[in-house]
Amino acid sequence: MTLTRLIVLAATLLAFGAATPRSASAADPLDNVLLLDLKDGRVTILLRPDLAPKHVERVKQLTREGFYNGIVFHRVIPGFMAQTGDPTGTGTGGSSYPDLPAEFSNKATFERGTIGAARSNDPNSANSQFFIDFDAAPFLNGKYTIWGQVIDGMGAVDKIAPGEPPSNPDKIVKMTIAADADDASKAAATNVLKAQQ
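Reading the values: rules and limits
Residues numbered from 1 in each chain as written. Predicted model: local features only at pLDDT ≥ 70, side-chain atom pairs only at ≥ 80, totals over all residues. Heavy atoms only, no water. Core = buried A, V, L, I, M, F, W, Y, C linked by side-chain atoms within 4.5 Å. Buried < 20%, exposed > 50% of the residue type's maximum accessible area, 1.4 Å probe, protein only. Helix = DSSP H or I, 4+ residues; strand = E, 2+ residues; numbered from the N terminus. Pairing = 2+ DSSP bridges. Axes fitted to C-alpha atoms, helices over the stretch in contact; angles between N-to-C directions. Contact = heavy atoms within 4.5 Å. Phe/Tyr/Trp six-rings, centres within 6.5 Å; stacked < 30°, edge-to-face > 60°. Lys NZ or Arg CZ within 6 Å of the ring centre and 35° of its normal. 1 Å grid on protein atoms, 1.4 Å probe; cavity = no way out; pocket = protein on both sides within 12 Å on 5 of 7 lines; lining within 4 Å. Points joined across faces, edges and corners; volume = space filled by probe spheres on them. Nonpolar A, V, L, I, M, F, W, Y, C, P; charged D, E, K, R; others polar. Salt bridge = Lys/Arg side-chain N within 4 Å of Asp/Glu carboxyl O.

Caption draft 1: Fine view of the nonpolar core. One finds Tyr68 and Trp147 to be the most contacted residues of the largest nonpolar core, which totals 41 residues. Here this core takes five residues from strand E1 (residues 33-38), the largest share from any one element. Within the second largest apolar cluster, 10 residues are counted, among which are Leu51, Ile77, Met81 and Phe131.

Laid out in structure tokens, this is it:
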């Protein structure tokens, strides 16, 4: 095969690869937006692969598998946070995947709407559970992995039933990656992203 034909073949393969859905999805900003539907409305979350790539990858994987749909908020402390992501609803469970290594960062802090990976005393024990901060929690900085930030819908988070555990816990109605959502949801998520700029 001549050098010219090799160059043409390589260029064709690159062009084909750039057109595949996987490549398009990776470049789609909506691939890093999470739609969390609660009984009181939709919460839009910006994922932060720049801070915690392994945690974001896991959350996307579990979301696309439908893992989070129907899971309760088992620990909700007013003024602090709402925790979910345990299929047993007890705070001791997780997914069937291995635990994740800590991805602590000093590039972001725990503020109202920050999403953190819940874990045990072992920093490398995060799995599927996460929490949403109601208010700033600086004592968590550098000790828990941040993988997302609420950019719209904190009013719905504020209405999650409190308790440890709540007597009548709220649940995740549905969790979706915005890139996988219906056209109306994609348009709404795009508008939320634009408003952040």
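Caption draft 2: Fine view of the sheet that holds strand E2 (residues 41-47). As summarised here, the arrangement of the eight strands in space is E3-E4-E6-E5-E7-E2-E1-E8, forming an open sheet in which the pairing is antiparallel. Every other strand in the sheet has two partners, leaving strand E3 (75-77) and strand E8 (174-177) as the edge strands with one partner each. Across the sheet, the mean angle from the axis of one strand to that of its neighbour is 25°, orientation sign disregarded. The pairing of strand E5 (residues 114-117) with strand E7 (residues 146-152) spans three bridges and is classified as antiparallel. Opposite Ile115, over in E7, you have Gly148 as the bridge partner. Across the sheet, helix H3 (residues 53-64) touches E1, E2, E5, E7 and E8, and the angle it forms with E8 is around 120°.

Caption draft 3: Representation of the pairing of strand E6 (residues 130-133) in the model. Burial along E6 is two-sided: Phe130 and Ile132 and Phe131 and Asp133, pointing in opposite directions, are all buried. Relative to E6, strand E4 (residues 81-84) runs antiparallel, the two being bridged by four bridges. Paired with Gln83 across the bridge in E6 is Phe131.

Caption draft 4: Local environment of the packing of aromatic side chains. This model, assessed by the stated rule, comprises six aromatic pairs. Ring geometry for Phe80 and Phe139: centres 5.6 Å apart, planes at 45°, overall tilted. One end of the pair, Phe80, is in the loop between E3 and E4; the other, Phe139, is in the loop between E6 and E7, with 59 residues separating them in the sequence. Residues Phe130 and Trp147 carry aromatic rings whose centres are separated by 5.3 Å and whose planes lie at 70° to one another, so their mutual orientation is edge-to-face. Of the two residues, Phe130 sits in strand E6 while Trp147 sits in strand E7, which places them 17 residues apart along the sequence. Under the relative-accessibility criterion, Phe130 is labelled buried at 0%. Here a set of aromatic residues connected by ring pairs shows up, and it is made of Phe67, Tyr68, Phe130 and Trp147. Here the guanidinium or amino end of Arg119 rests over the ring plane of Tyr144, the centre of that ring lying 4.1 Å away.

Caption draft 5: Inspection of empty space enclosed by the protein at higher detail. What the rule picks out here adds up to one cavity of 30 Å³ or more. There is about 50 Å³ of room inside the largest cavity. Around the largest cavity, the lining residues are His55, Arg58, Val59, Tyr68, Leu100, Ala117, Ala126, Asn127, Ser128, Gln129, Phe130 and Trp147. Top contributing element to the lining of the largest cavity by residue count: H3, with three residues. Taken together, the residues that form the lining of the largest cavity break down as seven nonpolar, four polar and one charged.

Caption draft 6: Highlighting the pattern of salt bridges. Enumeration over the complete set of coordinates arrives at nine salt bridges. Among the ionic pairs, Arg42 bridges to Asp37, the shortest N-O distance being 2.7 Å. When its relative accessible area of 33% is taken as the criterion, Arg42 is described as partly exposed. Residue classification places Asp37 among the buried positions, given a relative accessible area of 16%. One salt-bridge network, in which partners are shared between bridges, spans Asp31, Lys60, Arg64 and Asp180.

Keep in mind these numbers describe shape, not what the thing actually does.
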